[in-house]
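Residues per chain, in single letters:
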Amino acid sequence: MTADGWNWKSGDGSRGGLLYEPGNWGDLLKLLWLAAAIRWKAGDGTVDYFDPFAGDVAYPLAEKTKERFNRAGPAELDFVRAPFIEKGSWPSAAAAAGCLPVGRRRVFDADAEKLKRWSGEPGVETLAGESGWSVMAAREADPREIWLIDPYDFLADWRTSLPLVAGGSGKASILLYAYNRSAAAAEAFASHRAFRNALADARRGLPGCFGRTAADAFLPRAHHEMYFLPCPSDAAREDFPAFSATLERLSGELAAAQAGTAAFGAV
């Protein structure tokens, strides 16, 4: 991957404006966790949503992505089928959140054109700032909110950004995405181990959840990871263990579907 413009292109030549393939296995895991977390936190009402790395509203739906969704996407992802999949697009997480019991969506992206497109979306407030991290640092966390933190490569500079994430999770519940390259290099493995230890220290005993899926079904050299870091009030809910079990089930079902694609498929 290059740093001077994204380099992913689907087999049919379509481009979606990302440094990675939209609708990859990690995106499936992300939407599963996002939907489960919002539904759980909202209960019978709604929850506000904050996303400082929102990306674009939606991306072209490549054939591989559609195939992956139809094979691996459980009923919990049906909420994006009619508004996006059947219309030939793949939703960003912030767009998918608009199909869930969410009140106000507050988003930011460093790309001015993408942020401009968000300004036309109903129920969305666009935020101003120099970067997603600066917008996040300036925001006062609220236990009635859920945050999605999904920068391009969180683990590349986690020592700088982890304090912001940990500080935010002291009040708002956070979904954090990370791309783990530990399988490819010993240095990456050591850095990831240090990150996990630092995260546990920063959480000061608060429970959380971790799930992952391989970046490639056939021969994975990296993994997509999701972390749910509940704020103290959410962590103390009596139904938090049951919610954690739901995330475990969803992650396991996705892993099983992915394993099936590695065992058998078209040539």
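Look up: the structure comes first, before these words.
This one's a predicted model, so the numbers in the text were calculated from it and none came from an experiment.

Let's talk about helix α9 (residues 240-263)
Alright, step 1. For α9, with 24 residues, the first-to-last C-alpha span of 35 Å sits near the 34 Å given by 1.5 Å per residue.
Alright, step 2. Turning to α9, its buried residues number three or more, namely F240, F243, L247, L250, S251, L254, A257 and Q258.
Alright, step 3. Contacts from the buried residues of α9 go to α1 (25-42), α2 (63-72), β8 (209-214), β9 (223-229) and α8 (232-235).

Description of the environment of W118
Alright, step 1. Inspection of the secondary structure puts W118 in helix α4 (residues 112-118).
Alright, step 2. Take W118: its relative accessible area is 0%, and that puts it in the buried class.
Alright, step 3. Along the primary structure W118 and W147 are separated by 29 residues, whereas in three dimensions their C-alpha atoms are 17 Å apart.
Alright, step 4. Every residue in contact with W118, bar those within four places of it in the chain, is listed here: A54, G55, D56, V57, S92, A94, A95, R105, V107, V124 and T126.

Overview of the packing of aromatic side chains
Alright, step 1. Inspection of every chain in the model, using the stated rule, returns 13 aromatic pairs.
Alright, step 2. Taking 4.9 Å as the distance between ring centres and 70 degrees as the angle between the ring planes, the aromatic pair formed by F50 and W147 counts as edge-to-face. Of the two residues, F50 sits in strand β1 (residues 47-51) while W147 sits in strand β6 (residues 145-149), which places them 97 residues apart along the sequence. One exposure class covers both F50 and W147, and it is buried.
Alright, step 3. Ring geometry for F69 and W90: centres 6.2 Å apart, planes at 75 degrees, overall edge-to-face. Remark: W90 occurs in strand β3 (residues 89-91) and F69 occurs in helix α2; sequence separation between them is 21 residues.
Alright, step 4. You can call F69 buried: its relative accessible area is 1%.
Alright, step 5. Following the ring pairs from residue to residue traces out a cluster consisting of F53, W133, F154, W158, F195, F210 and Y227.
Alright, step 6. Cation over ring: K30 sits above Y177, and NZ or CZ is 5.3 Å from the ring centre.
Alright, step 7. The lysine or arginine in question, R196, covers the ring of F210, its NZ or CZ lying 4.2 Å from the ring centre.

Rules and cut-offs
Residues numbered from 1 in each chain as written. Predicted model: local features only at pLDDT ≥ 70, side-chain atom pairs only at ≥ 80, totals over all residues. Heavy atoms only, no water. Helix = DSSP H or I, 4+ residues; strand = E, 2+ residues; numbered from the N terminus. Expected span 1.5 Å × (residues − 1). Buried < 20%, exposed > 50% of the residue type's maximum accessible area, 1.4 Å probe, protein only. Contact = heavy atoms within 4.5 Å. Phe/Tyr/Trp six-rings, centres within 6.5 Å; stacked < 30°, edge-to-face > 60°. Lys NZ or Arg CZ within 6 Å of the ring centre and 35° of its normal.

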